[in-house]
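Fold and geometry: a report
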Amino acid sequence: MADLKHKAERAAFDVAITAALKHVNKGRGKAMCQMVDLVQKVLKNTWPDKAYDALRAQFEDENSKWMQFTNKIFDEVDPRLIKMAALNLGYEAAFRGYKDTRALGDKEGCNIPWSILVDPTSACNLHCTGCWAAEYGNKLNLTYEELDKLITEGEEMGIHNWLFTGGEPLVRKDDLIKLAAKHQTSYFQPFTNGTLIDQEFCEKVREVGNMSFALSVEGFEEANDGRRGKGVFDKVMHAMDLLKKNKLFFGCSICYTSVNYKNVTCDEFLDLLVEKGARYIWYFHYMPTGAAGAPELCPTPEQREYMFHRVREIRGFKGGKPIFALDFQNDGEFVGGCVAGGREYCHINARGDVDPCVFIHYSSANIRKDSLLDCFKQPIFQLYRQQQPFNKNMLQPCPMLENPEILGQLVKEGKAVPTDPESPEDPEDLYKKTKPYADAWAPVAKRLWAEEHPDRVEKEPEKEEKTSSQAV
């Protein structure tokens, strides 16, 4: 019965997206509204009714920013790839997978994510300043067989969204293509520096159909190459040209720091990305993890507040730019705070360690010796489940960056060990790096939260302050 319902739901999504794709110059708005109706029926009360109403309003207005954005995708991306993204990333992962993993998590008494970030390799052809992966060295790999087993286990739980970092994941691009071809109901999204993308690879991606990319770029040529190496900016621009030429779907991954935060949000830079064909931007707040972590690269409170307002302006229903922007740190209010520890996602490094987060390298479970389900049941993940959200102010979501007294307690009580293969970091050392930042950001976060959500501030109790020794 469950399989029949699954097939019927997927077929309904297939019909809806096919209807939208058929209308090249007219009727797309109506088809997209029908898609919103279908999503609302499947997700039910996962999102408030006003969120669906706002989407429908955009699609009902053919001149709206986001209807024009949608038309541009339909006109410039291979229709088969759009359908695969809608079915695999939309239906299988975000809609059905989200529900299935929640239900299984409740049954098993643990967090089960709907999305997993995997390092297939620690190898990288670049050595970027401040990159946590650069600490790993070029010597660790998960075999194809291990990756295939991992994805198979995950799919059985309802996990169909697979993100890849490293290292540089496209060092293993042949294996990623092979995995995508085998697992045709999952979606694969490498976060890549873009330098290994060529025409032959684009043709293979278009053939498998269920893969898209987030290209890392840190600003214009001077800023980007200052961190990533001379000539890298031009290589990334060339990769974007190839992806657009081959009608492939892609966006950008941008780490913002105290140095580049305005450059990566200025109109000229955003216009360049839109012209190149990027459809979205993941903005990531710089994290001072690892021995090479540099706290001075963390944005100041004033700079982070600028990002808070600017990203909302970029993606607004009116104004801004026709590119969808998300801020991993400042958008906590839309996902209920911290999403790590298996609540929405987790990280698996190239040694097989299952970490709570790509920025928090502590674990007591490894896919080479434990089942994936047992990895989700490890003590530190259970503590995440019990304590999330770590702060009722969703502008302070992280147990490392904004609530650093919590991470030491999670590691200690969870009997987790450092998993960074090259520069394992004691939680106390990380606490010392992030505590000044947390203290400086707290009053700004409190003010912004009160301005945005005055009805929720009165319910918040004062958070008990802990000393470093109490924390760890």
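Let us look at the structure shown here. Owing to the predicted nature of the structure, the values given are computational and were not obtained by experimental measurement.

Further remarks concern the nonpolar core. In this structure, Tyr283 and Phe376 are the most contacted members of the largest nonpolar core, which totals 135 residues. Leaving out residues up to four positions away in the same chain, Tyr283 has contacts with Ile254, Tyr256, Val264, Thr265, Leu270, Met307, Val311, Ile314, Ala325, Leu326, Asp327 and Phe328.

As summarised here, the arrangement of the 9 strands in space is S7-S6-S5-S4-S3-S2-S1-S8-S9, forming an open sheet in which the pairing is mixed. The open sheet has two edge strands with one neighbour each: strand S7 (324-327) and strand S9 (354-355). Across 2 bridges, strand S8 (residues 345-348) lies against S9 in antiparallel orientation. Of the residues in S9, the one forming a bridge with His347 is Asp355. This element, helix H6 (residues 144-157), spans strand S1 (115-118), strand S2 (161-164), strand S3 (187-192) and S8 of the sheet and lies at about 145 degrees to S2.

Attention shifts here to empty space enclosed by the protein. Going through the model one piece at a time under the given rule, you end up with 2 cavities of 30 Å³ or more. Within this model, the largest cavity holds a volume of roughly 70 Å³. Taken together, Thr289, Gly290, Phe359, His361, Tyr362, Pro418, Asp420, Ser423, Glu425 and Leu430 make up the lining of the largest cavity. For the lining of the largest cavity, the per-class residue count stands at 4 nonpolar, 4 polar and 2 charged. Along its surface, the second largest cavity is lined by Phe69, Lys72, Ile73, Val274, Gly277, Ala278, Arg279 and Pro322. If you tally residues by element for the lining of the second largest cavity, the top one is helix H4 (residues 65-76), at 3 residues. Looking at the lining of the second largest cavity, its residues break down into 5 nonpolar, 1 polar and 2 charged.

Applying the stated criterion across every chain yields a total of 34 salt bridges. Between Asp148 and Lys182 there is a salt bridge whose closest N-O contact spans 2.7 Å. Of this pair, Asp148 sits in helix H6 while Lys182 is found in helix H7 (residues 173-182), placing the two residues 34 residues apart along the sequence. The salt bridge involving Asp267 is made with Arg310; its shortest N-O contact spans 2.9 Å. Of the two residues, Asp267 is situated in helix H11 (residues 267-276) and Arg310 in helix H12 (residues 301-314); the sequence distance between them amounts to 43 residues.

It is worth spelling out H7 at this point. By the burial criterion, the buried members of H7 are Lys173, Leu176, Ile177, Leu179 and Ala180. What you see down the axis of H7 is that its buried residues fit within an arc of 160 degrees, all on one side. Tucked into the core, H7 has its buried residues touching H6, S2, S3 and helix H8 (199-208).

Before going further, it helps to spend a moment on unusual backbone geometry. The omega angle of the peptide bond from Gly166 to Gly167 is 10 degrees, so this bond is cis rather than trans. One can find Gly167 in the loop between S2 and H7. A cis amide bond, omega -5 degrees, links Gln388 with the succeeding residue Pro389. With respect to the helices and strands, the residue Pro389 is situated in the loop between helix H14 (379-387) and helix H15 (404-413). Phi angles above zero are rare outside glycine, and Lys247 is one such case at about 60 degrees. Relative to the helices and strands, Lys247 resides in the loop between helix H10 (232-245) and strand S5 (250-256). What makes Lys247 partly exposed here is its relative accessible area of 32%.

Cut-offs applied
Residues numbered from 1 in each chain as written. Predicted model: local features only at pLDDT ≥ 70, side-chain atom pairs only at ≥ 80, totals over all residues. Heavy atoms only, no water. Core = buried A, V, L, I, M, F, W, Y, C linked by side-chain atoms within 4.5 Å. Buried < 20%, exposed > 50% of the residue type's maximum accessible area, 1.4 Å probe, protein only. Contact = heavy atoms within 4.5 Å. Pairing = 2+ DSSP bridges. Helix = DSSP H or I, 4+ residues; strand = E, 2+ residues; numbered from the N terminus. Axes fitted to C-alpha atoms, helices over the stretch in contact; angles between N-to-C directions. 1 Å grid on protein atoms, 1.4 Å probe; cavity = no way out; pocket = protein on both sides within 12 Å on 5 of 7 lines; lining within 4 Å. Points joined across faces, edges and corners; volume = space filled by probe spheres on them. Nonpolar A, V, L, I, M, F, W, Y, C, P; charged D, E, K, R; others polar. Salt bridge = Lys/Arg side-chain N within 4 Å of Asp/Glu carboxyl O. Arc of directions from axis to C-beta.

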